Structures are given as structure tokens and as C-alpha cells.
Amino acid sequence: MTRPAKPSLNVLPLRERMKVPRQPMPEQPAEARASCFTEVNLGYSAELARQEAIRCLECAKPACTDRCPVGVKVREFVQLIVAGDFLAAAAKIREDNVLPAITGRVCPQEDHCEGGCLMGKKVKPLGIGYLERFVADYEQRMGVRHLPRVPPTGKRVAVVGSGPSGLTVAGDLVQRGHKVRVFEALHELGGVLVYGIPEFRLPKQIIREQLDYMRDMGVEFETDVVIGRTVTIDELMEEEGYDAVFIGTGAGLPVFMNVPGEHLNGVYSANEFLTRINLMKAYKFPTYDQPMVDLHGKDVAVIGGGNTALDAIRSALRLGARKAYVIYRRSEAEMPARAEEAKHAREEGIEFRMLTNPVEFLPDSDGWLGGVRCVRMELGEPDASGRRRPVPLAGSEFDLPLSVAVIAIGTSANPIVQSTTPGLGTDKRGYIQADSGTQRTSRKGVFAGGDIVTGSATVILAMGAGRRAAKSIHEYLTTNQW
Amino acid sequence: MFNILHAEFIAPGIKRFHIEASRIARKQRPGQFVIVRVYEEGERIPLTIESSDNARGIISIVVQSLGKTTHLLNSLNAGDHILDVVGPLGRPSEIAKFGTVVVMGGGVGTAMAYPTAAALKRAGNRIISIVGARSRELVILEREMREVSDSLMITTDDGTYADKGFVTDKLRQLIQNGVRIDLVLAVGPIPMMKAVAGMTRGERIRTLVSLNPIMIDGTGMCGGCRVLVGGKSEFACVDGPEFDAHRVDFDLLVQRNRTYRAQEQRSLAEFQCEREARGKRGAADEGCAVEGARP
């Protein structure tokens, strides 16, 4: 299907490669982008990509690949960029990752491939994410498709949820000759990629292109189907004739803080705030009908330190917020958000209020939010997560005037599939139990992965679970052994 | 795309649609609802399922013109489509033999109460129904409710039909007359449901209400539909829509449902203005000046 990686054309001696600086990502100036939703990062040119690619040390045992949840063969694809064969580079990535234009944009590379890059120990690591994005975009511009040419197996697989894990399962299985249909509860495909991640970080057009690619590969999609309500897992298997089911229903119910005033108008969950903006395009009200609180000239804060929190507050800024705060109970070092997002947010003028925790949302009048009472925190002993536990400083309360607060402190398990699928094992928090190697659940023929198994995580970790699930679904379908 | 097979006004501003939706028709149980998005730029709104016909793959919904989306929906007719219909959502009503059940429907809430009343009747309960509306022409589903009720009482606010007064007046009479009531189900405007809850709380009559808060996805993802029940946040889409009336914070529900009042009024005003402009020949280019509207 793809050509083998050619011998390295990288003529630069290893010693010299470390001296080449990491090529920065061209981006929109902070002032310009803070008021619009167009993408922040502009992407490498072919020249920049080759300039960056020659930095690769071509390690014999590449840690980048080991640390990639889907095992992208980084060294090989980077060598193909050096050779100037960008389409072959894209094909090489696609052997392991069906959504390269997406992961190239939203992966926390510092925790995975780039975190493993040997060069990172001395200088800046190879820009693997930037290179992945470049070849994926190049492939899309060229209109090239690598379509599976495998005989159909006659087996049918239902995928529940069209987010990163479900799309990965679908892409991997359709390439092995299985017939795959993806069911989505919302009216648009993509799961968190469309309702959660804003346009300025992941343009919807990119997702549509990746979905078109999957359709061309033979994946079928059906929207407006809530599995567990519209049709159950048992009905899919017994009545609609699916041989296996993958459950990738994703992040669930938003968690609130349980502090006074949380029900005031103007206090949102991040999921609602971002869904209104991203999925429903409420920022284009009244052209689009879904309404949204007018943020012009208002002070807005997000509570939390993850990618979702930064997505929400950077969106608020773009919608005209006067002041935009990130309120986080630990320090910046513990923030789970991607390093690049924190940097971008800061450049755009977001104020970081670290070691700060809300204790009460304060009303102004008529049931609307007027401010937040916070307490300052300090870091104590490490907790179960290994991060130092934040402890409130007695008597340090202060009030911050606010019109809108967005709570982005995580999600809990959505119960719909679990409660309508008898015999499906769940843990004490309600997440679906699945084997960490095979993604098998307690039900024969039913697999699960992504946030509905692990709780809130990242796109690439969900894709890793999808990849493992696809492998074991394929094994199950071909051997019929459970 | 979901085809509208049949559409008829059953009262001024209240329309019944038969929609082709075989998956939903097959699964729908009393107490559940759908979310619709009428067209590409449309918002998602929850709507009552009145009934469904599994054999024909059709669901019936009842829509009252309130804001832009419901006005737009009610301008559609047989042969038109609705872009998205998803469901059935929410937990079905608990259907069991309780004894005597008072089913109360206020306004278009009667459409939500009706399928549950019918199922409770089939389960062997004695059904006393109280249907209320502002005035005569807004009384809906009278025949249907009569068929599933052992007795049916009707009230109109203005006295233009049946008894003048509110549904709660009838409930008070039942209680005062010493009628043994095992369960009350009340579906209607929030003030009505709150009044019912106030009346049955002291009598310790188990009372359920079906809530209709702001909602987007309807699957438990957004948290917009959170309501305070017994001091705890619950999501109407996955934990409800029916809740123990005695534990619901109705005032908070009223407050939260007001969040987008200004935007809703503006959307509706612009929609009606556009519709009028379209109706008037040559007036289409005049545009619609709405107070506060951006150019």
C-alpha cells in the first residue's frame, strides 16, 4: 500500500543537526487573533518542514514512537520529509494514525513523541507535531487518498460515538476489510473534536476533510442516534446483526464544584459554554439561532487548568470579554493543558490566577452572577496523582467581579449506555471497565475505550485505546475466540 | 432529514406533527422527549412526544408557538422536513399500579401528561385527570384524555369553557373531599407545577413533575439542564425529566429559564418581521429594524 522508507537522504552529520534551531511555528500575531476564531497556527511551509526534519537524529531505538499512544513511525516519516516525498510521509503516518491532521494540531506532543525525543535533553526536541500537521495538510491539498484494497470479511462492526477513539476504530477496521458503521448522538460528527475544541485550534474544515477521507475508505456514519436510548447495544448485536460493538461515548456529565451560587445565571459548565460556541455557533447569533450570553465588555473567568479550560477562556476573549481569567488551584507547573496553549493564552492577554480556588459565586441582582469569592492556596504534600496537593490559606479570601464563570474541572461518567446494557461491567465511578490491553468489556463482542473508560483524558490517548480495540476486534472477528 | 407526514393545528398556536422516525417510534415510552433542530442554523430544542406508532414508524409531537424555533416549526406542513430529530430522550415515566393517580395537564403540558396517563390506566390505576388551559380554544387532547381517565375535569382561566379557575382548584377540592390519592403527576407551566407541589407536600401525596429547562444536547454532556432537586444538581435529560415535585427548586428553574430572554425575544421579533416582510410584496428589501439589533 505504501512505499518502504528510502534510506536516509539526510546528509547533515549528526553533530551538526543539534545546531540547527527548531523551526518556530508561523502563527497569527496575538493582537489579531485574540478577536477572531481563525486558526492560530499557520503551519510549516515545505521549506520549513524540510529544515526542521533534517534535525532528526534518526535514533536506532526511537523513544518518540515508543511514547506515541498509536505508535506513529516518526523516524520513517521524518526521513521521507527529508527525502522530499511528503505523500509517502503522510502514508507512513496513516499506517498508525487515521487522523494525522487532527493529532498534528491537538496532541500534547511534549507528553508523548517530543517528550521522548533525545534532542530534547540538550536542545529543543524535534517539532514532530508540526511535521505531522504539515504532511497531513499537504496530502489533503494534493487530494490524495490511500484507500484500503482488502477483500471484505463480511463482518460488521458498530462504533458508538464519532470522537477520536471511535474514528480510530472505524478507520483501522475498515482497512482490514470489515464493514463499519459509526453512530453519533449529536447532529454533527466528530464528538469532542467538534463540540469541544474551538475553531482557532482545530478548524471544523479539517475535521470534515478527515471524515470525508473516512467515508471514501468505506466507513458509514449515522447521526442523531443516542445508543442506549434510540437503540441499545443488545439490539445492535441481536437485531441489526453487528458482530462486534465498540463503545467510545467519551466524556460525560460535567462536574460542578458544589459551592454556593453555582446555579446563578452566567455560570456555565465548560461543555455547555463550548458546545454553544463550537457546535451551535452561538457566537454568530442571530444568524444562528442558539443564543449565548453577550460577553462584550464583560469579565469572564474559567475555573480549571486543562485544555478545556483554556479553550473556553480563549473563546470568551474572542467573543469580546474585557478581562479573561484562568483560576486554577495549583500552580502553572501542574496545569494539565498543553504547553503551547498556555503560551498562546498568555500572549493573547489571558490573566492567570494560579493557586486560587473559588469558594462561592456571588449574585449581583435578578439571579445573575456578579463575582466570585476565592481563597488563595499553597502546595502541600503530593497527592494520589503525584502532584502537590493545594491547601487553602486561612483568611486569604478575596472577591473578583465577574459576569460569566465557566467551570472546567472535569467530567463524570455518562450513564446512558451502561444503564441500558445488562451485564456491562463498570467501576465504582460508573466508567465502563475494559481490559487495558484488549479494550474488551465484560460483554462478549463489546469493546470500549477513550474517556468513557479512563475518565477525561486526551484525543491521542483515546485514539491509542481505539487502535488497541481495533486490533483486538479484528482478532475476535477472525478467530471468533473471546 | 425527518419527513413530516401530517401537520394540523389542534388549537390556536398549537400544532401536532406526525414525523417519520422509525427508530424513535420503536423505543419511545411515556414521559420521554425528542430534541429537534429544524434547519442548519437552527437551535436544538426539546419537545414532547405525544405518542408513537411503532408499526408505521411515526412519532407524534405537539408544539406550541412560543419563540422563533417553535414558530418556525409550526409554519411547516406535511411534505416538509425537519433536519434533526433525536430521541427518545430522558427516563421514561415509572409505570406501575399505584392506585388512584391524579394526572394534571396545564396548557401544552397535557400532551406530555397524556401518554403517561394512558400507560398508567393500562397498568390498572384509577385515573383522575385535570386539564387546564387559558381559555376554551386552548384546551387540547380532551377526547384523548377522556378515553384514558376514569374521570376528567377541565378548567379554563377565563371560564369560557367548563369550570372557571385553575387546575389546582380541582386538586384542592379532591383533597378536601377526602379522595384518596396515591400519586399526582403534574405537567405544565412552572407556576402551576410549583402550586401543585405546595398543595400536596403537606398532604404527603407523592407528586411528580416533568421539567423543561434549557437544554442543548439532551444526552448528559452539556449540563445546561441542571436543576436543583433536594439541594443536589440533577440533569433533566438523563436523571429526569420527571422529578419529585416536593424536592424541586422551582424558583431557580424560573430564574435559569430566563437566561436568554432578551435573545429569545429578539430572535422572535426578527423572525416575525421577516415573515411579514416576505408576505408584503415589495417590502422584502426594507429590512427589519429591531431594537438593539446589530446591522
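In case you missed it, the structure is sitting above this.
Residues numbered from 1 in each chain as written. Chains lettered and ligands numbered in written order. Predicted model: local features only at pLDDT ≥ 70, side-chain atom pairs only at ≥ 80, totals over all residues. Heavy atoms only, no water.

**Points about the interface of chain A and chain B**
(1) Moving on: Between chain A and chain B, the residue contacts involve 47 residues of the former and 51 residues of the latter.
(2) Moving on: There are seven salt bridges connecting chain A and chain B.
(3) Moving on: Where E222 of chain A meets R23 of chain B, a salt bridge forms, and the shortest distance between an N and an O atom there is 2.9 Å.
(4) Moving on: Viewed at the interface, chain B and chain A are joined by 26 residue pairs in polar contact (both at pLDDT 80 or more).
(5) Moving on: When residues of the side of chain A that touches chain B are traced back to their parent elements, those giving at least two are β5 (253-254), β6 (267-269) and α14 (270-279) of chain A.
(6) Moving on: Element by element, the count of residues in the side of chain A that touches chain B is highest for α14 of chain A, at four residues.
(7) Moving on: Residues of the side of chain A that touches chain B, tallied by class, amount to 22 nonpolar, 13 polar and 12 charged. (Contact = heavy atoms within 4.5 Å. Salt bridge = Lys/Arg side-chain N within 4 Å of Asp/Glu carboxyl O. Polar contact = N/O pair within 3.5 Å; in protein donor to acceptor, adjacent residues only side chain to side chain. Helix = DSSP H or I, 4+ residues; strand = E, 2+ residues; numbered from the N terminus. Nonpolar A, V, L, I, M, F, W, Y, C, P; charged D, E, K, R; others polar.)

**Description of the sheet that holds β6 of chain A**
The pairing of strands in a sheet comes from backbone hydrogen bonds and takes either a parallel or an antiparallel form.
Residue and element names in this part refer to chain A.
(1) Moving on: Taken in spatial order, the five strands make up an open sheet running β6-β14-β7-β8-β9, and their pairing is parallel. Each end of this open sheet is capped by a strand with a single partner; those strands are β6 and β9 (351-353). When the angles between neighbouring strand axes are averaged without regard to direction, this sheet yields 20°. (Pairing = 2+ DSSP bridges. Axes fitted to C-alpha atoms, helices over the stretch in contact; angles between N-to-C directions.)

**A few points about the sheet that holds strand β1 (residues 2-11) of chain B**
All names here are of chain B.
(1) Moving on: Read across the open sheet, the seven strands follow the order β6-β1-β2-β5-β4-β3-β7; overall the sheet is antiparallel. Among the strands making up the open sheet, the edge pair consists of β6 (81-82) and β7 (84-89).
(2) Moving on: As defined by bridge partners, strand β2 (residues 14-20) adjoins strand β5 (residues 58-64) across seven bridges and the pair is classed as antiparallel. Paired with E20 across the two strands is I58, which belongs to β5.
(3) Moving on: Lying over the sheet, helix α3 (residues 109-122) contacts β4 (45-53) and β5, oriented at roughly 40° with respect to β4.

**A few points about the state of the cysteines**
(1) Moving on: Scanning the entire structure with this criterion turns up zero disulfides over all chains.
(2) Moving on: No disulfide involves C113 of chain A; its sulfur sits 6.5 Å from that of C68 of chain A, the nearest cysteine. (Disulfide = S-S within 2.5 Å.)

**Here's the deal with unusual backbone geometry**
Apart from glycine, the bulk of residues carry a negative phi angle, and the bulk of peptide bonds sit in the trans form.
(1) Moving on: With an omega of 10°, the peptide bond running from F285 of chain A to P286 of chain A counts as cis.
(2) Moving on: Mapping P286 of chain A onto the fold places it in the loop between α14 and β7 (299-303).
(3) Moving on: Going from G240 of chain B to P241 of chain B, the amide bond is cis rather than trans, its omega being 15°.
(4) Moving on: Note that P241 of chain B resides in the loop between β15 (232-235) and β16 (242-244).
(5) Moving on: Of note in this structure, D224 of chain A is not a glycine but carries a positive phi near 60°.
(6) Moving on: Structurally, D224 of chain A is set in the loop between β3 (220-222) and α13 (233-238).
(7) Moving on: For D224 of chain A, a relative accessible area of 6% puts it in the buried group.
(8) Moving on: Of note in the backbone geometry, Q439 of chain A takes a positive phi value of approximately 65° without being a glycine.
(9) Moving on: Locating Q439 of chain A in the fold gives a position in the loop between α17 (416-419) and β16 (446-448).
(10) Moving on: Classification of Q439 of chain A by relative accessible area gives buried; the value is 3%. (Buried < 20%, exposed > 50% of the residue type's maximum accessible area, 1.4 Å probe, protein only.)

**A short note on the environment of L12 of chain A**
Residue and element names in this part refer to chain A.
(1) Moving on: Relative to the assigned elements, L12 resides in the segment before α1 (14-17).
(2) Moving on: Overall, L12 belongs to the partly exposed group, its relative accessible area being 25%.
(3) Moving on: Separated by 45 residues in sequence, L12 and L57 have C-alpha atoms that sit 9.8 Å apart.
(4) Moving on: Residues contacting L12, with those up to four places away along its chain left out, are R17, V20 and I54.

**Some details on helix α7 (residues 250-257) of chain B**
(1) Moving on: Burial runs high along α7 of chain B: six of the eight residues are buried.
(2) Moving on: Considered for burial, the residues of α7 of chain B that qualify are F250, L252, L253, Q255, R256 and N257 of chain B.
(3) Moving on: The inward-facing, buried residues of α7 of chain B contact β6 of chain A together with α6 (190-201), β13 (207-210), β14 (226-229) and α8 (261-279) of chain B.

**Comments concerning the pattern of salt bridges**
(1) Moving on: One pass over the full model with this rule turns up 67 salt bridges over all chains.
(2) Moving on: A salt bridge links R55 of chain A to E52 of chain A; the shortest N-O distance between them is 2.7 Å.
(3) Moving on: E52 of chain A gets classed as buried once you look at its relative accessible area, which sits at 0%.
(4) Moving on: When the shortest N-O distance is used, the salt bridge between D163 of chain B and K170 of chain B registers 2.4 Å.
(5) Moving on: On the basis of relative accessible area, K170 of chain B is assigned to the buried category, the value being 10%.

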